[in-house]
Amino acid sequence: MRLAQLTHSLTNKLSLGTLVSASMLAACGTAPPAAEPVPLGDYRAVTRQLETFIEQQTRSSKVAGLSIALVDDQRVVWAHGTGWADVAAQRPAGPDTLYRMGSISKLFTDVAAMQLVVRGRLNLDAPLQQALPSFGIPGRQGGAPITARQLMDHHAGLTRDVLGGMWGNPVGDFRTMVDGLTREDALLPPGLMFSYSNVGLTVLGTLVERLSGQPFEALMQATVLSPLGMYNSSFSAAVPDAPLMARAYLSGELQDEPSLRDVPAGGLTSSVTDMARFISMVFAQGRNADGATILPPPQIAEMLRVQNGDVPLDVGFNQGLGWMLSTLGKDTVHGGGPVAHHGGATFYFRSQMMLLPAHRVGVIVASNDSAAGDAVNRIAQRALALMLEAKTGVRQAEPVPGYRPSSKPWSDATRKACVGEYLTPAGVVNIDRNGDRLQVRVADKTLEVVEGEEAWLGLRYKLAGLIPVSLGMLSDLGVQCRTVNGRALLVGRLDGQEMMIGDRLPPTQAALPPSYATLVGRYEPVLLPGERATLESVEVQVDGGRLWAQARLAKAFGGQTTPRMPMRAVSDNEALLIGPLADSGEVVRRRRGEDGGEQFVAAGSTFRKVKP
């Protein structure tokens, strides 16, 4: 997890840090009610269950307001709101309430790009500079030129965010940010592996604008939103001043939603009623309600096609053009074919859209409360599962564990192959020997290893080393030490879905340059007037011969302290915040401020030391 990624959980939904902490908390909390059987064709039974489930989820999370729409092919079978769009004014949340949709916006930007493909204006596989000559970004590891396809399927190797100037009132122009990328650094060679990037979709939006000759916001209105009948929807940096617009909240407390610079990546405002029209367009093979073509069927199919099946380091994580096509365990729906989905998060708005294209059923959930992140995901998953059951009779089964305990102990060679330190989203995970067995140390916890068949291992935790504690979904997670493309990886598996969760670190580097002693301390972002920070602070530490960085998120993104991540000194003035692979990372450049104080620049943002 790099500096620019610290504002979000891993998009591929498999984070050891998330699983270790959240699973233990969930195991001690109140479980949501189990789904009841749904008679075939009985959508009323679906909505009755959902009303109860939504009430339980929003109440437990103290969510201000939430809206949902269920779509069966070309009809909305249910649209509902609960709570408040404006608490003080007692204005209820409803199907037409407007929410910031966050990263779901990317799907619309991708549709606009595919429209240009149809018109012959854009070649998805040509070097980006052919259509956008001003684009350029340094890459330390080389690689082929970046393509539009790689922007759309998150394989361009770009940083996740340029944090400086991303949020605020006002914010800068996304076009200026894209033109300034020549001052940033690529993280990975293009095509090497999936690496989610808001920057990449903002570059795509800039490309779409320049190829079409229209301002991006107006183009999206004219070619996508209005033709779909999404007349209350719009793309903009600032929150629209509209009567139907929801106010922003954090656990029910009123907040000020800042503007977002990266409009193509996250600037859509819409209602669940309008978003249902987009879902129906996908099911209608690109046609709107009047039968007019928004995007021809081959392009709709291409967006839903797995793009990265030949990328070894993606280890089974499937990605379309825009659409995520893999989920894990209880976050997914089984028995209905691939689940196409995308979530969204701004400072205080959360959303989730999930579709089963094979059965033409889908759901959109949106909330005006940053505490609703887990709730919108759970509600969307439950809704889609119940809709599948109503339409086909397929009922959800419990997730299949990712490992089966072995009847025979592992060989010493199998255990030895796993020993080492691995870079994961939870920070550095250490697998070492404990007598004739293995143990896993992650954060401040030591987990026991259960040796399984085919070298898959399971994890167990005992409080104080004595009392077994359920780890929730983590208890069913299988982990395998696997060599892929010459890399020693940790691969996770649950319910048949595999994902890479770690890359082995090389031994601790030689002694740090003496100059790095002055880098240790606590840093805060240097903000422009009106700018809002996603990271409240960053702590730089030296421990065990390594340099480390650990951030605290803004309250809107949870407010927690992130796992500490290792840094590698490159020179006296540069270091890498390592990730997502052990030999990649965000470039961190040291410098002196005007007052002579220690500063560093990373992910397009400057941080100044405030405490040694």
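The shown structure was predicted, so the numbers you read here are calculated from the model rather than taken from an experiment.

Reading the values: rules and limits
Residues numbered from 1 in each chain as written. Predicted model: local features only at pLDDT ≥ 70, side-chain atom pairs only at ≥ 80, totals over all residues. Heavy atoms only, no water. Helix = DSSP H or I, 4+ residues; strand = E, 2+ residues; numbered from the N terminus. Buried < 20%, exposed > 50% of the residue type's maximum accessible area, 1.4 Å probe, protein only. Pairing = 2+ DSSP bridges. Salt bridge = Lys/Arg side-chain N within 4 Å of Asp/Glu carboxyl O. Core = buried A, V, L, I, M, F, W, Y, C linked by side-chain atoms within 4.5 Å. Contact = heavy atoms within 4.5 Å. Axes fitted to C-alpha atoms, helices over the stretch in contact; angles between N-to-C directions. Parallel < 35°, antiparallel > 145°, perpendicular 65-115°, else oblique. Nonpolar A, V, L, I, M, F, W, Y, C, P; charged D, E, K, R; others polar. Expected span 1.5 Å × (residues − 1). Phe/Tyr/Trp six-rings, centres within 6.5 Å; stacked < 30°, edge-to-face > 60°. Lys NZ or Arg CZ within 6 Å of the ring centre and 35° of its normal. Patch = residues over 30% accessible without salt bridge, like charges linked within 9 Å, V, L, I, M, F, W, Y side chains within 5 Å. Areas by Shrake-Rupley, 256 points an atom, 1.4 Å probe, with all protein chains shown as cover.

Topic: the environment of Leu 50
Here is step 1: On the secondary structure map, Leu 50 appears in helix α2 (residues 43–61).
Here is step 2: A residue is classified by how much of its surface remains accessible, and Leu 50, at 0% relative accessible area, is buried.
Here is step 3: In sequence terms Leu 50 and His 80 are 30 residues apart; their C-alpha atoms lie 10.0 Å from each other.

Brief notes about the pairing of strand β20 (residues 478–484)
Here is step 1: Both strand β18 (residues 456–463) and β20 contribute to a ladder of 2 bridges, which runs antiparallel. From the neighbouring strand, Trp 456 faces β20, where its bridge partner is Gln 480.
Here is step 2: Relative to strand β21 (residues 487–494), β20 runs antiparallel, the two being bridged by 7 bridges. Bridged to Val 484 within β21 is Arg 487.
Here is step 3: Taking the residues that link successive antiparallel strands as the turn, the β20-β21 hairpin has 2 residues, and the phi of Asn 485 there is positive, at about 50 degrees.

Here's the deal with the pattern of salt bridges
Close approach of charged atoms lets side chains of opposite charge pair.
Here is step 1: Tallied over the entire structure, the rule returns 32 salt bridges.
Here is step 2: One salt bridge connects Arg 360 with Asp 73, and the closest N-O pair in it is separated by 3.6 Å. Within this pair, whereas Arg 360 is found in the loop between β12 (350–356) and β13 (361–367), its partner Asp 73 is found in the loop between β1 (65–72) and β2 (75–86), the two being separated by 287 residues in sequence.
Here is step 3: For the salt bridge of Arg 589 with Glu 574, the shortest nitrogen-to-oxygen distance reads 3.0 Å. With a gap of 15 residues between them, Arg 589 in strand β29 (residues 585–592) and Glu 574 in strand β28 (residues 574–578) connect regions that are remote in the sequence.
Here is step 4: For Arg 589, a relative accessible area of 31% gives the class partly exposed.
Here is step 5: One continuous salt-bridge network, built from bridges that share partners, spans Asp 125, Arg 149, Glu 302 and Arg 305.

A word on the pairing of strand β11 (residues 340–345)
Here is step 1: Among the 6 residues that make up β11, 5 are buried, leaving the element largely enclosed by the rest of the structure.
Here is step 2: As defined by bridge partners, β11 adjoins β12 across 6 bridges and the pair is classed as antiparallel. Across the sheet, residue Gly 344 finds its bridge partner in β12, namely Ser 351.
Here is step 3: The turn joining β11 and β12, which pair antiparallel and follow one another in sequence, is formed by 4 residues.

What to know about the sheet that holds strand β4 (residues 99–100)
Here is step 1: If you trace the 3 strands from one edge of the open sheet to the other, you get β4-β10-β6, paired in antiparallel fashion. If you trace the sheet from one side to the other, it starts and ends with β4 and β6 (234–235), each paired once.
Here is step 2: For β6 and strand β10 (residues 268–270), the ladder comprises 2 bridges, and the chain directions are antiparallel. Opposite Phe 235, over in β10, you have Leu 268 as the bridge partner.

Re the nonpolar core
Here is step 1: Judged by nonpolar contacts, the single largest core of 109 residues is most densely connected at Phe 108, Phe 278, Trp 323 and Met 353.
Here is step 2: Tallying contributions element by element places helix α9 (residues 272–283) first for this core, with 8 residues.
Here is step 3: Once residues within four sequence positions are removed from consideration, Met 353 is found in contact with Ile 104, Leu 107, Met 275, Phe 278, Ile 279, Trp 323, Ala 340, His 341, His 342, Val 363 and Ile 364.
Here is step 4: If you look at the next biggest cluster of nonpolar residues, it comprises 31 residues, including Leu 50, Val 361, Leu 388 and Ala 390.

As for the packing of α2 against helix α11 (residues 373–392)
Here is step 1: Relative orientation of the contacting elements α2 and α11 amounts to 170 degrees, with a least axis distance of 10 Å. Taken as axis vectors, α2 and α11 run roughly antiparallel relative to one another. Along the contact surface, α2 presents Tyr 43, Val 46, Gln 49, Leu 50, Phe 53, Ile 54, Gln 57 and Ser 61, while α11 presents Ala 375, Arg 378, Ile 379, Arg 382, Ala 383, Leu 386, Met 387, Ala 390 and Lys 391.
Here is step 2: For the contact of α2 with α11, the residue count by class is 11 nonpolar, 3 polar and 3 charged.

Digging into helix α3 (residues 105–118)
Here is step 1: Compared with the 20 Å implied by 1.5 Å per residue over 14 residues, the 20 Å span of α3 between its first and last C-alpha is a close match.
Here is step 2: Burial within α3 is extensive, with 12 of its 14 residues counted as buried.
Here is step 3: Following α3 by one or two positions, Gly 120 adopts a phi angle in the positive range, close to 80 degrees.

Overview of the packing of aromatic side chains
One pair of aromatic rings is described through two measures. These are the centre distance and the angle between the planes.
Here is step 1: Evaluated as defined, the whole model comprises 13 aromatic pairs.
Here is step 2: Consider the rings of Tyr 99 and Phe 349, whose centres lie 6.4 Å apart with planes at 75 degrees: the pair is edge-to-face. With Tyr 99 in strand β4 and Phe 349 in the loop between β11 and β12, the pair connects residues that are 250 residues apart, well separated along the chain.
Here is step 3: By relative accessible area, which is 1% here, Phe 349 ends up buried.
Here is step 4: Between Phe 347 and Phe 557, the ring centres sit 5.1 Å apart and the planes meet at 70 degrees, which makes this aromatic pair edge-to-face. Placement of Phe 347 in the loop between β11 and β12 and of Phe 557 in the loop between β26 (546–553) and β27 (565–569) is noted, with a sequence separation of 210 residues between them. Of the two residues, Phe 347 and Phe 557, both sit in the buried class.
Here is step 5: Note that Arg 382 overlies the ring of Phe 53, its terminal NZ or CZ placed 4.1 Å from the centroid.
Here is step 6: Over the face of the ring belonging to Tyr 516 we find Arg 590, whose NZ or CZ atom lies 5.0 Å from the ring centre.

Remarks on a nonpolar patch on the surface
Here is step 1: There is a patch of nonpolar side chains on the surface, built from Leu 463, Leu 466 and Ile 467 and spanning about 320 Å² of accessible area.
Here is step 2: Of note, Ile 467 is situated in strand β19 (residues 467–469).

A short note on unusual backbone geometry
Here is step 1: Look at the link from Asn 169 to Pro 170: it is a cis peptide, with omega at 5 degrees.
Here is step 2: Of note, Pro 170 is situated in the loop between β5 (167–168) and α5 (174–179).
Here is step 3: Between Gly 579 and the following residue, Pro 580, the backbone shows a cis peptide bond with an omega angle of 0 degrees.
Here is step 4: Note that Pro 580 resides in the loop between β28 and β29.
Here is step 5: At Ser 251, a residue that is not glycine, the phi angle is positive and equals roughly 50 degrees.
Here is step 6: For Ser 251, the position within the fold is in the loop between β7 (248–250) and β8 (253–255).
Here is step 7: A relative accessible area of 33% places Ser 251 in the partly exposed class.
Here is step 8: The backbone phi angle of Ala 455 is positive, close to 65 degrees, even though this residue is not glycine.

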